[in-house]
Amino acid sequence: MNFDLILAVVFYAAIFIFYLTHKEKFTKQGLIILYKTKLGIFLMSKLSRKYPKLLNFLAYISIFIGFIGMIFILYTLIQGSVKLILSYLQIIPEAQPVLAPVLPGVSVQGLPVLGFWHWIIAIFIVAVVHEFAHGVYSSLYKVNVKSSGFAFLGPILAAFVEPDEKKVAKIEVKKQLAILSAGPFVNILLGILVILFFSFIFLPLQSNLYTLNGITLVQVEKNSPAELSGLTQGAIIYEINNIKINSQQQLIKTIQESKENDILKLNTDKGIFYVKPEIIDNVPKVGINIKENVILKDNVPKFLSPLLQWFNLLFFWLWVVNIGVGLFNLLPLGPIDGGRMLLSALRGITAKKRAFKIFKFVSALSLFLIFVNLLPWIVKLFKWIFGLFS
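Report follows, based on the coordinates. All values derive from a computational prediction rather than experimental measurement. (Residues numbered from 1 in each chain as written. Predicted model: local features only at pLDDT ≥ 70, side-chain atom pairs only at ≥ 80, totals over all residues. Heavy atoms only, no water.)

**Comments concerning the overall build of the protein chain**
Counting its regular elements, the protein chain contains eleven helices and twelve strands. Overall size of the protein chain, expressed as C-alpha extent along the three principal axes, is 70 × 50 × 50 Å. Every one of the 390 residues in the protein chain was classed for burial, and the buried ones make up 40%. Put simply, of all contacts in the protein chain between residues at least 6 apart along the chain, 69% involve residues at least 24 apart. (Helix = DSSP H or I, 4+ residues; strand = E, 2+ residues; numbered from the N terminus. Buried < 20%, exposed > 50% of the residue type's maximum accessible area, 1.4 Å probe, protein only. Contact = heavy atoms within 4.5 Å.)

See below:
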């Protein structure tokens, strides 16, 4: 039974019923449906009045991080696109796209599958803090926020604030950049805070509830020594060379200390396997990605295990989605924050006509890079949709 599909149907049925009973509060803008409210506007104004000095100081950091992030994401996309194109032409081995759609059920190499409720919660939090930050800085610079609320692009949930765009266009460039960079900056900052909270507070608190029970193979690379030996993803390694594994570092160290022609004996839940490491750049490698397999101690209630796993995944996706959405919004593309930041900055340093020419070129380049990196995922997405009804 596909519980994610059931939850999705229930959730969207509730949204549709709400839409039918509150039609007068919804407006359409092309493919986007907006539910306009005054939610949060008072708090945005209150924060901007209470902490103007702090917010003005953070504005400089936000703008700096914004342009650094813009350069980073553009460079990453260019590098990833070049590798993908070369792999399509079979000049280099198969390469992975550097972009992935944040959608439930889509399997991304090296990441756990995103569940429906993790997706909804993560997207909701990301969208709300993103738009709230835009609203706070709009209020700080005396730009009227007309409305706030939620938006729907098909099944995708989002949030929005609606500042007076005519007023935004008239304020100085620095203030425009602060308003535009605020959303991505807060997403990146929240992503960092989430991973810090998880690593230094939540994870240590739950570590006393678990004990190590081997090392799980998260991924086995194609044609690697591990795959050639018969090892598969999901296998749990308990011993290496007849020595019990007490930590992930122990397994890594044993592999790295092996010499040419050494053969490693791995005792797993699927049997015994013999692996001959491959020496690459003087470093022995077997072609596996691993994580510690932990189980609850005997004196801990069993119901805690799935509950803690659910929250672990929630923190993980809050981190990934915040950082990912924050960086993606800094891409110098059309109407998103990064594109508007680039255009504002160009108009402040060069003639309007030249600014638009540069902006259009960079925006078109960004759109092409996105297409190249999303092409493999578009194919996978269609396969997933058809798989739901098979």
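Text resumes after the structure shown.
**What about the sheet that holds strand β3 (residues 145-153)?**
In space, the four strands of this open sheet follow the order β1-β2-β3-β4, with antiparallel pairing throughout. Both edges of this open sheet fall to β1 (26-29) and β4 (156-163), since each of them pairs with a single strand only. Neighbour-to-neighbour, the strand axes of this sheet turn through a mean angle of 30 degrees, independent of strand direction. In this fold helix α2 (residues 41-50) packs onto β2 (32-37), β3 and β4, with an angle of close to 125 degrees to the strand it touches most, β3. (Pairing = 2+ DSSP bridges. Axes fitted to C-alpha atoms, helices over the stretch in contact; angles between N-to-C directions.)

**Considering the pairing of strand β6 (residues 236-240)**
By the bridge criterion, two bridges tie strand β5 (residues 210-220) to β6 in an arrangement that is antiparallel. Residue pairing across strands places I215 opposite I237, the latter belonging to β6. Of the pairings in the sheet, the one linking β6 to strand β8 (residues 264-268) comprises three bridges and is antiparallel in character. Residue pairing for β8: E239 is matched across the bridge by N267. Sheet analysis places β6 next to strand β7 (residues 243-244), joined by two bridges and oriented antiparallel. From the neighbouring strand, I240 faces β7, where its bridge partner is I243. The antiparallel pairing of β6 with β7 creates a hairpin that spans two residues between the two strands, and N241 there sits at a positive phi of about 55 degrees.

**Notes on a positive patch on the surface**
The grouping of K46, R49, K50 and K142 at the surface amounts to a positive patch. Topologically, K50 is positioned in helix α2. Residue class for K50 comes out exposed when judged on its relative accessible area of 55%. (Patch = residues over 30% accessible without salt bridge, like charges linked within 9 Å, V, L, I, M, F, W, Y side chains within 5 Å. Areas by Shrake-Rupley, 256 points an atom, 1.4 Å probe, with all protein chains shown as cover. Salt bridge = Lys/Arg side-chain N within 4 Å of Asp/Glu carboxyl O. Lys, Arg positive; Asp, Glu negative; His and termini not counted. Charge placed at Lys NZ, Arg CZ, Asp CG, Glu CD.)

**A short note on the pairing of β3**
Consecutive side chains along a regular strand alternate between the two faces of the sheet. Bridging between β2 and β3 involves six bridges; their strand directions are antiparallel. Paired with L34 across the bridge in β3 is A151. Relative to β4, β3 runs antiparallel, the two sharing eight bridges. Bridge assignment links A151 to a residue of β4, and that residue is A158. Linkage of β3 to β4, two consecutive antiparallel strands, is achieved through a turn of two residues, within which G154 is found at a positive phi near 65 degrees.

**What about the environment of L196?**
By secondary structure assignment, the location of L196 is in helix α6 (residues 173-207). In this structure the C-alpha to C-alpha distance between L196 and W319, which are 123 residues apart in sequence, comes to 9.6 Å.

**Quick look at the pattern of salt bridges**
As enumerated under the stated definition, the model contains four salt bridges in all. Among the ionic pairs, E162 bridges to K36, the shortest N-O distance being 3.4 Å. One end of the pair, E162, is in strand β4; the other, K36, is in strand β2, and 126 residues separate them in sequence. The closest approach of N and O atoms between E172 and K175, which form a salt bridge, is 3.9 Å.

**Describing a nonpolar patch on the surface**
Residues I85, Y88, L89, I91, F368, F371, L375, I378, F382, I385, F386 and F389 make up a contiguous nonpolar surface patch of roughly 1300 Å² in combined accessible area. Every element with two or more residues in the nonpolar patch is listed here: α3 (52-88) and α11 (352-388). In terms of residue count, α11 provides more of the nonpolar patch than any other element does, seven residues in total. Mapped onto the elements of the fold, F382 is located in helix α11.

**Here we look at the nonpolar core**
The biggest cluster of nonpolar side chains holds 39 residues, and the ones touching the most others in it are Y137, Y141 and L331. Contributing elements (two or more residues each) for this core: α2, α3, α4 (116-140), α6, α10 (337-349) and α11. For this core, the element with the most residues is α3, which contributes seven residues. The contact partners of Y141, leaving out residues within four places of it in the chain, are N56, A59, K174, K175, A178 and I179. (Core = buried A, V, L, I, M, F, W, Y, C linked by side-chain atoms within 4.5 Å.)

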